[in-house]
Amino acid sequence: MNKLNYMCPHCKGHLRVSNHIIFLTKTTNGKSGLLLVNSELGNYSVLMHPTLSYDLGEHVNFVCPICYENLDAPEYDKNLAKIIMEDEEGKESTILFSKINGEKCTYKIAKNEVKAFGDDKSEYRSSFGDIF
Ligand SMILES: [Zn+2]
């Protein structure tokens with residue numbers, strides 16, 4: 001298990017517990033629940049209560065479960081959400097991922113470098129300009 005920290009960009013609260021990142025998720029039509037996402041970039045396995053289910057292609061809002069701020073990243077794309085990753089040396093990167101259920105793409109941004117993960121990673125290529 002790696003020792004990376006994942007934090008809310010607003011309150012810097014730790015979102016990782018064991019090997020999962022915990023989000024409060026909700027849709028505009030009222031569905032809401034806790035979603036646990038695997039902390040390994042590019043691993044899209046999730047855990048949730050059996051009563052929570054999102055449709056394929058549904059737009060899901062990701063919210064910090066500590067400060068309740070929305071994790072939207074409109075500066076990149078309306079379909080992307082962001083958190084902060086801190087490595088063992090304390091260096092921070094921005095992690096972006098798709099809010100669309102079923103879309104597999106994650107981006108790690110540090111200085112002038114973007115690393116992309118997932119089958120759908122080319123979907124938001126244009127959001128990253130020349131550095132992708
Ligand atoms: Zn927060």
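Quick caveat, the model's predicted, so the values are computed rather than measured.

Draft legend 1. Main features of the pairing of strand E4 (residues 32-38). Of the strand pairs in this sheet, strand E3 (residues 20-26) and E4 are connected by seven bridges, and their pairing is antiparallel. Bridge assignment links Ile-22 to a residue of E4, and that residue is Leu-36. The antiparallel hairpin formed by E3 and E4 contains five residues in its connecting segment, where Gly-30 sits at a positive phi of about 100 degrees. Pairing geometry for E4 and strand E5 (residues 46-48), over three bridges, is antiparallel. Residue pairing in the sheet places Leu-35 in a bridge with Met-48 of E5.

Draft legend 2. Highlighting the pattern of salt bridges. Tallied over the entire structure, the rule returns five salt bridges. Here Asp-72 makes a salt bridge to Lys-99, at a shortest N to O gap of 2.5 Å. Linking Asp-72 in the loop between strand E6 (61-63) and strand E7 (80-86) with Lys-99 in the loop between strand E8 (92-98) and strand E9 (106-110), this pair joins segments that are 27 residues apart in sequence. Its relative accessible area of 2% is what places Lys-99 among the buried residues. For Glu-89, the salt bridge goes to Lys-91, with nearest N and O atoms at 3.2 Å.

About the criteria used
- Residues numbered from 1 in each chain as written.
- Predicted model: local features only at pLDDT ≥ 70, side-chain atom pairs only at ≥ 80, totals over all residues.
- Heavy atoms only, no water.
- Pairing = 2+ DSSP bridges.
- Helix = DSSP H or I, 4+ residues; strand = E, 2+ residues; numbered from the N terminus.
- Salt bridge = Lys/Arg side-chain N within 4 Å of Asp/Glu carboxyl O.
- Buried < 20%, exposed > 50% of the residue type's maximum accessible area, 1.4 Å probe, protein only.

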